[in-house]
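Residue strings, one per chain:
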Amino acid sequence: MAQIFAYILHKDGVLDDTALELRAAGATLDPEAAVTAVVTGSAGDLEKVCKEAARSFDTVWKVENDALAYPNAEVIRPLMKRLLPKNSLVLLPHEHFGMDLAPGLSVALEAAYLPDSVAFEGMEGDVLKAVREEYSGMVRTHVRCNLSTGAVITLRPGAFAPDERKDKTGEIMDKTPEVFQEGLPEVPRRYLEMVEAEAGDVDITKSEVLVSVGRGIEEQDNLEMIQELAKAMGADVSCSRPIVDAKWMEKSRQVGTSGKTVKPKVYLALGISGSFQHLGGIKGSPFMVAVNKNPKAPIFQVADVGVVADILDFVPNLTEKIAESAK
Amino acid sequence: MEILVCVKRVPDTSENEITVNRDGTDIEREDLVYSVNEWDNYAVEEAIRLRDTGGGSVTVVSLGPEETEEVIRREMAMGADKGIHLMDPVFEGSDGRGVAAALKAEVEKGNYDLVLTGAQADDGAGQVGGMLAAMLQWPFAALVNHIEMSGDGILKIGREIAGGNQEFSEIRLPCVLSIQTGINEPRYVGIRGIRKVASLEIPVHGTAELGIPPEAVGEVGAKVKRIDYFVPQLGDGAEILEGSQEEIIDKLIELLKSKGGIK
Ligand SMILES: Cc1cc2nc3c(=O)[nH]c(=O)nc-3n(C[C@H](O)[C@H](O)[C@H](O)COP(=O)(O)OP(=O)(O)OC[C@H]3O[C@@H](n4cnc5c(N)ncnc54)[C@H](O)[C@@H]3O)c2cc1C
Ligand SMILES: Nc1ncnc2c1ncn2[C@@H]1O[C@H](COP(=O)(O)O)[C@@H](O)[C@H]1O
């Protein structure tokens with residue numbers, strides 16, 4: 001098989017959690033293969049990150065330049081094209097950076113693109129059999145991806161169990177001169193600044209009990225019944241993304257990969273389907289209850305307890321009973 | 001600005017239960033309600049707003065079967081000036097690259113400054129925009145949730161990154177941007193609006209009109225192929241509470257109390 005590369009994300013000198021997931025996935029592609037970590041960045045943190053990566057990968061390819069201080073996919077893509085040999089297999093996490101870099105990288109490398117894999121089920125010759133999700137997790141598919149002319153593969157964060165052994169002493173190779181022989185590529189997208197999300201009135205990351213509401217609430221006016229339930233339970237209210245998109249609640253209440261990461265003891269999901277981006281924001285395995293009118297909603301696969309019901313009908317009755325029992 | 005927005009007709013997952021057919025070759029399509037991909041609707045709204053403040057035109061393009069016309073018309077009712085329908089039997093079975101290749105050919109027939117796509121569609125791939133940009137050799141940005149003009153031929157954009165933080169950059173036109181939900185509040189389209197555009201002509205382009213070889217698209221051109229559909233079984237799944245609503249509520253309160261969920 002062709003050479004396998006893992007593009008490593010890092011921040012403030014620390015490897016991203018996904019790095020060790022890429023290692024594990026690389027080994028399932030080919031247990032014999034030596035997986036090469038590609039680490040780009042600017043002086044300072046980069047050396048530290050490379051050393052850390054060398055504990056988990058056979059080889060580390062380092063690319064250093066001031067222009068790489070912030071990971072800008074439009075800078076990194078042409079550099080990867082210069083760096084990677086023909087027919088390479090490139091692994092990346094399927095998150096905001098991977099989604100920015102990977103599809104175009106596959107075109108630049110004239111390679112296949114396999115987005116958002118959740119599992120690999122083995123090779124048949126040059127063809128990888130993998131598992132993906134469609135329709136926000138309601139169904140899965142097996143797909144065949146031909147790797148013979150190379151492939152860019154993004155992995156769903158959290159889907160591959162990380163390989164935490166740190167048993168390697170990989171060689172760190174400085175690829176900077178090679179990559180910058182032709183100078184810095186012309187950059188059509190210039191990074192300006194990062195603006196942090198605004199803090200809200202309640203910090204849901206500290207809440208022990210969350211009553212979380214999703215698109216199943218249907219109308220803004222119905223949110224009142226959720227507030228009342230939360231009040232009766234002594235819980236805080238959080239939500240899924242569509243509620244924030246509709247401007248019905250503040251961004252600071254959104255749970256998920258593009259919202260807050262919460263770690264409550266109890267999580268009550270009301271009218272939430274259970275997309276991986278939502279579930280990605282729930283840590284610490286809380287006791288999870290889901291109420292959804294669709295018995296096939298993916299949230300029932302991960303919840304501890306489920307109720308198949310219309311929340312518009314169920315929630316007011318639940319609130320009333322809780323209030324009664326408190327008397 | 002001349003803006004092209006790529007839209008896809010997809011089953012509405014908040015309206016439908018998606019189930020797999022008997023032999024696992026497809027989802028059950030009988031009673032599905034279709035609509036425009038949620039992300040694409042935000043993209044069309046953004047394009048209309050950019051046109052309304054800066055001038056120019058908005059064209060929507062969609063690749064898909066006969067019925068695709070209804071979503072193109074819906075987006076025209078929203079305020080897009082033109083619609084284009086890419087349809088050809090050989091498109092069947094295309095992977096993301098095939099769709100991007102057809103869209104690329106359409107982009108090159110026009111004189112666009114900006115192409116918008118949704119961040120992702122029903123297959124959750126989020127691939128077509130980035131591939132299209134690379135094929136055109138135009139700059140790209142994914143998950144854009146803010147756009148403003150910033151001098152000549154330059155846009156200032158915000159990308160949504162982890163934790164709801166926002167990354168700002170400047171990007172050169174022409175470019176391709178994939179749009180994240182929440183960037184705006186898409187306007188409502190009523191029956192009356194759709195009637196108004198009912199008689200507008202929507203040109204249909206196939207591989208011949210696009211000037212692309214049939215083997216670049218469809219199943220033949222695909223490097224990634226779906227084998228089957230199945231319903232995942234993850235872990236044990238939830239214990240579903242049964243009984244009358246009263247019984248369920250009593251049981252639930254008891255459970256919540258024992259887990260510290262009711263204070
Ligand atoms: C890059 C990226 C980042 C994202 N980040 C996040 C994130 O941080 N957080 C997040 O939540 N999402 C995020 N998303 C969006 C995510 O993909 C889903 O679209 C979203 O989570 C769906 O929210 P939902 O479950 O509320 O809505 P839906 O998926 O529409 O589900 C609604 C559910 O309610 C049920 N329902 C409907 N009516 C009723 C009723 N009356 N009673 C009971 N049940 C009912 C339905 O059966 C359905 O299961 C992100 C997407 C992308 C592309
Ligand atoms: N058949 C299609 N016709 C037009 N645009 C499409 C089509 N498929 C995907 N797109 C565009 O590409 C975006 C991302 O889709 P995907 O890569 O399939 O997740 C969508 O939001 C659309 O803007």
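In short, a report on the structure. Since this is a predicted model, take the numbers as computed values, not measurements. Within every chain, residues take consecutive numbers counted from 1 along the sequence as written. Chains and ligands are labelled by the order in which they are written, letters from A for the one and numbers from 1 for the other. Local features in this predicted model are restricted to residues whose pLDDT is 70 or higher, and side-chain atom pairs enter the listing and the counts only when it is 80 or higher, whereas totals over whole chains, interfaces and linings include all residues. To obtain the side-chain values, all non-hydrogen atoms of the structure were used and water was disregarded.

1. Considerations on the side chain of B:Asp95
Logical step 1: Counting from the N terminus, the helices are the DSSP runs of H or I reaching at least four residues and the strands are the DSSP runs of E reaching at least two. Along the chain, the position of B:Asp95 falls in the loop between strand 5 (82–86) and helix 3 (96–109).
Logical step 2: Classification of residues uses two cut-offs on accessible area relative to the type maximum, computed with a 1.4 Å probe and protein chains only: under 20% is buried, over 50% is exposed, and between them is partly exposed. By the counting rule applied here, Lys and Arg register as positive and Asp and Glu as negative, while His and the ends of each chain are not counted. For this analysis, a salt bridge means a side-chain nitrogen from Lys or Arg found within 4 Å of a carboxyl oxygen belonging to Asp or Glu. Put simply, B:Asp95 is tucked away with no salt bridge, and the nearest opposite charge, on B:Arg97, sits 5.1 Å away.

2. Brief notes about unusual backbone geometry
Trans is the prevailing form of peptide bonds, just as negative phi is the prevailing case for residues other than glycine.
Logical step 1: A cis geometry characterises the amide bond from B:Leu173 onward to B:Pro174, with omega recorded as -10°.
Logical step 2: In this fold, B:Pro174 is placed in the loop between strand 9 (166–172) and strand 10 (175–179).
Logical step 3: Positioned with a positive phi, A:Glu218 is a non-glycine residue whose angle comes to about 70°.
Logical step 4: Mapping A:Glu218 onto the fold places it in the loop between strand 14 (209–213) and helix 6 (223–233).

3. A word on the side chain of A:Ser258
Logical step 1: Relative to the elements of secondary structure, A:Ser258 occurs in the loop between helix 7 (241–245) and strand 16 (266–270).
Logical step 2: Its relative accessible area of 12% is what places A:Ser258 among the buried residues.
Logical step 3: Counting of polar contacts relies on pairs of N or O atoms within 3.5 Å, with two restrictions inside protein: one atom must be capable of donating a hydrogen and the other of accepting it, and residues adjacent in sequence are counted only when both atoms are side-chain atoms. Here A:Arg241 takes part through its side chain, which lies 2.9 Å from a polar atom of the side chain of A:Ser258.
Logical step 4: A distance of 3.5 Å separates a polar atom in the side chain of A:Ser258 from a polar atom in the side chain of B:Glu160.
Logical step 5: When checking whether two residues touch, look at their non-hydrogen atoms; a contact exists if any pair is within 4.5 Å. Leave out the neighbours within four places in its chain, and A:Ser258 touches A:Arg241, A:Lys251, B:Glu160, B:Ile161, B:Gly163 and B:Gly164.

4. As for the pairing of strand 9 (residues 127–134) of chain A
Residue and element names in this part refer to chain A.
Logical step 1: Of all eight residues that make up strand 9, six are buried, and the element is covered over most of its length.
Logical step 2: Both strand 8 (residues 119–124) and strand 9 contribute to a ladder of four bridges, which runs antiparallel. Directly across from alanine 119, in strand 9, lies its bridge partner valine 131.
Logical step 3: One bridge is not enough; two strands pair if DSSP finds at least two bridges between them. In sequence, strand 8 turns back onto strand 9 through a hairpin of two residues, with glycine 125 there showing a positive phi of about 65°.
Logical step 4: When strand 9 meets strand 10 (residues 139–146), the two strands line up antiparallel, connected through eight bridges. When the sheet's bridge partners are listed, glutamate 133 is paired in strand 10 with arginine 140.
Logical step 5: Where strand 9 folds back onto strand 10 in an antiparallel hairpin, the turn is made up of four residues, including tyrosine 135, whose phi is positive at roughly 50°.

5. Some remarks on the interface of chain A and chain B
Logical step 1: With 83 residues of chain A in contact, the opposing surface of chain B contributes 82 residues.
Logical step 2: Accessible surface is computed with a 1.4 Å probe, and the buried area is the amount of it that two parts give up when combined, taken over both parts together. Summed over both partners, the interface of chain A with chain B comes to about 7,300 Å²; 56% of that surface belongs to carbon and sulfur atoms.
Logical step 3: Applying the counting rule to chain A against chain B returns 11 salt bridges.
Logical step 4: Residues B:Arg172 and A:Glu186 are paired through a salt bridge, measuring 2.8 Å at the closest nitrogen-oxygen approach.
Logical step 5: Our enumeration of links across chain A and chain B arrives at 42 residue pairs in polar contact (both at pLDDT 80 or more).
Logical step 6: When residues are sorted by character, Ala, Val, Leu, Ile, Met, Phe, Trp, Tyr, Cys and Pro go into the nonpolar class, Asp, Glu, Lys and Arg into the charged class, and all the rest, Gly among them, into the polar class. Looking at side-chain class alone, the side of chain A that touches chain B contains 37 nonpolar, 20 polar and 26 charged residues.
Logical step 7: Two strands pair when backbone bridges link them, and strand 10 of chain A and strand 12 (residues 224–230) of chain B are joined in this way by six bridges, in the antiparallel orientation. Bridge assignment links A:Arg144 to a residue of strand 12 of chain B, and that residue is B:Lys225.

6. A short note on the site of ligand 2
Residues and elements named next belong to chain B.
Logical step 1: Taken together, 18 residues are adjacent to ligand 2, and Cys6, Asp40, Leu63, Gly126 and Gln127 come closest.
Logical step 2: One of the backbone nitrogen or oxygen atoms of cysteine 6 is found 2.6 Å away from an oxygen atom of ligand 2.
Logical step 3: Backbone polar atom of leucine 63 to a nitrogen atom of ligand 2: 2.8 Å apart, as the coordinates give it.
Logical step 4: Protein coverage of the free-state accessible area of ligand 2, which is 480 Å², stands at 97%.
Logical step 5: Where the shell around ligand 2 is concerned, the elements lending two or more residues are strand 4 (57–63) and strand 6 (114–118).
Logical step 6: Looking at the shell around ligand 2, the element that brings in the most residues is strand 4, giving three residues.
Logical step 7: Its residues assigned to classes, the shell around ligand 2 shows eight nonpolar, seven polar and three charged. Being near a molecule or strand, for a residue, comes down to having at least one heavy atom within 4 Å of it. Note on areas: Shrake-Rupley, 1.4 Å probe, and residue coverage restricted to the protein chains presented here.

7. A short note on the site of ligand 1
Logical step 1: Around ligand 1, a shell composed of 31 residues is seen, among which A:Ser240, A:Gln254, A:Ser258, A:Ser273 and A:Gln277 lie nearest.
Logical step 2: Looking at the residues close to ligand 1, they fall on chains A and B.
Logical step 3: A:Ser240 places a side-chain nitrogen or oxygen 2.5 Å from an oxygen atom of ligand 1.
Logical step 4: With respect to ligand 1, the side chain of A:Gln254 contributes an N or O atom lying 2.8 Å from an oxygen atom.

8. Focus: helix 2 (residues 68–78) of chain B
Residue and element names in this part refer to chain B.
Logical step 1: All buried positions along helix 2 are accounted for by Thr68, Val71, Ile72, Arg73, Glu75, Met76 and Met78.
Logical step 2: Those residues of helix 2 that are buried are in contact with strand 2 (9–11), strand 3 (34–36), helix 1 (38–54), strand 4 and strand 5.
Logical step 3: Following helix 2 by one or two positions, glycine 79 adopts a phi angle in the positive range, close to 140°.

9. Considering the pattern of salt bridges
Logical step 1: Per the counting criterion, the structure on display carries 45 salt bridges over all chains.
Logical step 2: The partner of A:Arg189 in a salt bridge is B:Glu167, with the nearest N and O atoms 3.6 Å apart. A residue pair is termed interchain when its members come from two chains, as with A:Arg189 in strand 13 (residues 189–195) and B:Glu167 in strand 9.
Logical step 3: Its relative accessible area of 1% is what places A:Arg189 among the buried residues.
Logical step 4: Residue classification places B:Glu167 among the buried positions, given a relative accessible area of 3%.

10. What to know about the environment of B:Ser62
Residues and elements named next belong to chain B.
Logical step 1: Mapped onto the secondary structure, serine 62 falls in strand 4.
Logical step 2: Looking at serine 62, the relative accessible area reads 0%, which means it is buried.
Logical step 3: The spacing of serine 62 and arginine 9 is 53 residues in sequence and 7.8 Å in space, taken between C-alpha atoms.
Logical step 4: If we skip the residues at most four places from it in the chain, serine 62 touches Val7, Lys8, Arg9, Thr68, Val71, Ile72, Ile84, His85 and Leu86.
Logical step 5: Side-chain polar atoms of serine 62 contact the backbone oxygen of valine 7, separated by 2.6 Å.

11. Considerations on the pairing of strand 18 (residues 305–308) of chain A
Logical step 1: As paired strands, strand 17 (residues 287–292) of chain A and strand 18 of chain A are joined by four bridges and run parallel to one another. Across the sheet, A:Val291 pairs through a bridge with A:Val307, a residue of strand 18 of chain A.
Logical step 2: Judged from the two bridges that link them, strand 18 of chain A and strand 13 (residues 239–240) of chain B form a sheet pairing that is parallel. Its bridge partner lying in strand 13 of chain B, A:Gly306 is registered against B:Ile240.

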